[in-house]
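# Architecture at a glance
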Amino acid sequence: MPILVGATVLGLVFVRIKYDLDHAPWLFWSRVLFAAGFIPSVIGGVALGGLIFAAAERNVVLSALLLLATTPLLLGPRRIVEILLGGGPRRRFLYLGLWNKALLHSEPPGLEPPDYWNYEKRIAELDGWTDPRTRPYAELAAARTREWRTAAHGSPLDRVRREIELAHWLAPDAVDPAATRRWQLYANYWVAVADSPSPERRVLLTDSLNSFRDSTTATFIDLVVGSLAKPLPAWPWDSIEEASRAIWPDGSALMKADATAPTLTPTLPAPMLGPDWDRATLPIRPPV
């Protein structure tokens, strides 16, 4: 009998926690927050099992203590994390940022997300954000989410600049000169892509790219400079993308950059890219 009761309780606890996590997938994007919600819920499940046996033995005091200890299970991992991150604008914005990142990478753009994402409610919260310090970042997050929601095409430069600016909300003054140079090279690369049909711009574009030459960037720069006189479909895109990974292995390579650092300005329209929120690396290849 105790084994049957224990197995039943274990099954109920598993179903309860799994349901909550299935309806709060953003918790999986932070190991710390996942543990903060999951571990207390499991402890609450253990307390529930003990409560059944304590009640059977009519131990009132122990039953009351164990009943109180089941509270984390009743709350569930999602609610526990929301309580922990609900005590101020910085902590709440951390939670919204986690939700935002998971939404954009978990659901397809241009479609209505499932109800448990509470899309309209959280967008309204970002729109109405009043904390003056994090207000600019809330606006960036809302703009990014609306672009995803409408499946709009956008400039890779504008998108990456926005991600750099948004990443600075935790440490606005944390600027890495090496990351800034990588950002300037990335920005000038896209200017070179946009203006490559203009022969009068090629000397300027070449000089700009070569100013960032080092042992890591040389191969990438040589491929791009050697392609400026060619139409975009003829560029060696596979080789260019492979060489770019040594400079920008992922988006974090630019997260401490100064997005206001001087870069070239294109004279022709920059290529517009469709939403691709599952991309692990920075966009390099334009639509050709």
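Residues numbered from 1 in each chain as written. Predicted model: local features only at pLDDT ≥ 70, side-chain atom pairs only at ≥ 80, totals over all residues. Heavy atoms only, no water.

Those residues of helix 10 (residues 202-210) not exposed but buried are Leu205, Thr206, Ser208 and Leu209. The buried residues of helix 10 occupy an angular sector of 165 degrees when projected down its axis, which confines them to one face. As for helix 10, its buried residues are in contact with helix 9 (177-195) and helix 11 (218-225). (Buried < 20%, exposed > 50% of the residue type's maximum accessible area, 1.4 Å probe, protein only. Helix = DSSP H or I, 4+ residues; strand = E, 2+ residues; numbered from the N terminus. Arc of directions from axis to C-beta. Contact = heavy atoms within 4.5 Å.)

It is worth spelling out the layout of surface pockets at this point. When its volume is computed, the largest pocket comes out at roughly 1300 Å³. Lys101, His105, Arg144, Glu163 and Met255 are the residues nearest the centre of the largest pocket, which is lined by 42 residues in total. Elements that contribute at least two residues to the lining of the largest pocket include exactly helix 5 (89-106), helix 7 (135-150) and helix 8 (156-167). With 8 residues, the top contributor of residues to the lining of the largest pocket is helix 5. (1 Å grid on protein atoms, 1.4 Å probe; cavity = no way out; pocket = protein on both sides within 12 Å on 5 of 7 lines; lining within 4 Å. Points joined across faces, edges and corners; volume = space filled by probe spheres on them.)

Judged by nonpolar contacts, the single largest core of 33 residues is most densely connected at Trp183, Tyr186, Tyr189, Phe220, Trp235 and Trp248. Examining the composition of this core, we find that 10 residues originate from one element, helix 9, more than from any other. Beyond its immediate stretch of four places on either side in the chain, Tyr186 contacts Pro156, Leu157, Val160, Trp248, Leu282, Pro283 and Ile284. (Core = buried A, V, L, I, M, F, W, Y, C linked by side-chain atoms within 4.5 Å.)

Our next topic: the side chain of Thr134. Tracing the backbone through its elements, the reader meets Thr134 in the loop between helix 6 (119-127) and helix 7. Polar side-chain contacts of Thr134 include one of 2.6 Å to the side chain of Trp129. One polar contact links Thr134 to Asp131, side chain to side chain, over a distance of 2.5 Å. Setting aside anything within four residues of it in sequence, one finds Thr134 in contact with Pro89, Phe93, Trp129 and Trp169. (Polar contact = N/O pair within 3.5 Å; in protein donor to acceptor, adjacent residues only side chain to side chain.)

In the structure shown here, the tally under the stated rule is 17 salt bridges. Arg149 is paired through a salt bridge with Glu112; the nearest N and O atoms lie 2.4 Å apart. Of this pair, Arg149 sits in helix 7 while Glu112 sits in the loop between helix 5 and helix 6; the two residues are 37 residues apart in sequence, bridging distant segments of the chain. Assessed through its relative accessible area of 52%, Glu112 is described here as exposed. Between Asp127 and Arg146 there is a salt bridge; the shortest N-O distance is 2.3 Å. One end of the pair, Asp127, is in helix 6; the other, Arg146, is in helix 7, with 19 residues separating them in the sequence. Overall, the relative accessible area of 37% leaves Arg146 in the partly exposed class. One salt-bridge network, in which partners are shared between bridges, spans Arg78, Arg79, Glu82 and Arg122. (Salt bridge = Lys/Arg side-chain N within 4 Å of Asp/Glu carboxyl O.)

What follows concerns the packing of aromatic side chains. Counted by the stated rule, this structure contains 14 aromatic pairs. Relative to Trp117, the ring of Trp26 lies with its centre 5.2 Å away and its plane at 45 degrees, an arrangement referred to as tilted. A residue pair is termed long-range when its members are at least 10 positions apart, and Trp26 in the loop between helix 1 (2-22) and helix 2 (31-56) and Trp117 in the loop between helix 5 and helix 6 qualify at 91 residues. Residues Trp26 and Trp117 agree in their burial class; the two are buried. Judged by centre distance (5.4 Å) and plane angle (80 degrees), the ring pair of Tyr186 and Trp248 falls under edge-to-face. Residue Tyr186 is found in helix 9, and its partner Trp248 is found in the segment after helix 12 (237-244); the two are separated by 62 residues along the sequence. Grouping residues by exposure puts Tyr186 and Trp248 together as buried. Grouping aromatic residues by their ring pairs yields a cluster made of Trp183, Tyr186, Tyr189, Trp190, Phe220 and Trp248. Of note, Arg149 hangs over the ring of Tyr119, and the distance from its end group to the ring centre comes to 5.8 Å. (Phe/Tyr/Trp six-rings, centres within 6.5 Å; stacked < 30°, edge-to-face > 60°. Lys NZ or Arg CZ within 6 Å of the ring centre and 35° of its normal.)

Moving on: the environment of Glu163. Turning to its location among the elements, Glu163 is positioned in helix 8. Counting along the chain gives 89 residues from Glu163 to Ser252, while the straight-line C-alpha distance between them is 9.7 Å. Beyond its immediate sequence surroundings of up to four residues, Glu163 is in contact with Arg144 and Met255.

Let's shift gears to unusual backbone geometry. At Asn118, a residue that is not glycine, the phi angle is positive and equals roughly 50 degrees. By the secondary structure assignment, Asn118 is in the loop between helix 5 and helix 6. Phi angles above zero are rare outside glycine, and Ala151 is one such case at about 55 degrees. The exposure class of Ala151 is partly exposed, given its relative accessible area of 28%.

A cluster of nonpolar residues, Phe38, Ile39, Val42, Ile43 and Val46, forms a patch on the protein surface that exposes about 430 Å² of accessible area. Secondary-structure assignment places Ile43 in helix 2. (Patch = residues over 30% accessible without salt bridge, like charges linked within 9 Å, V, L, I, M, F, W, Y side chains within 5 Å. Areas by Shrake-Rupley, 256 points an atom, 1.4 Å probe, with all protein chains shown as cover.)

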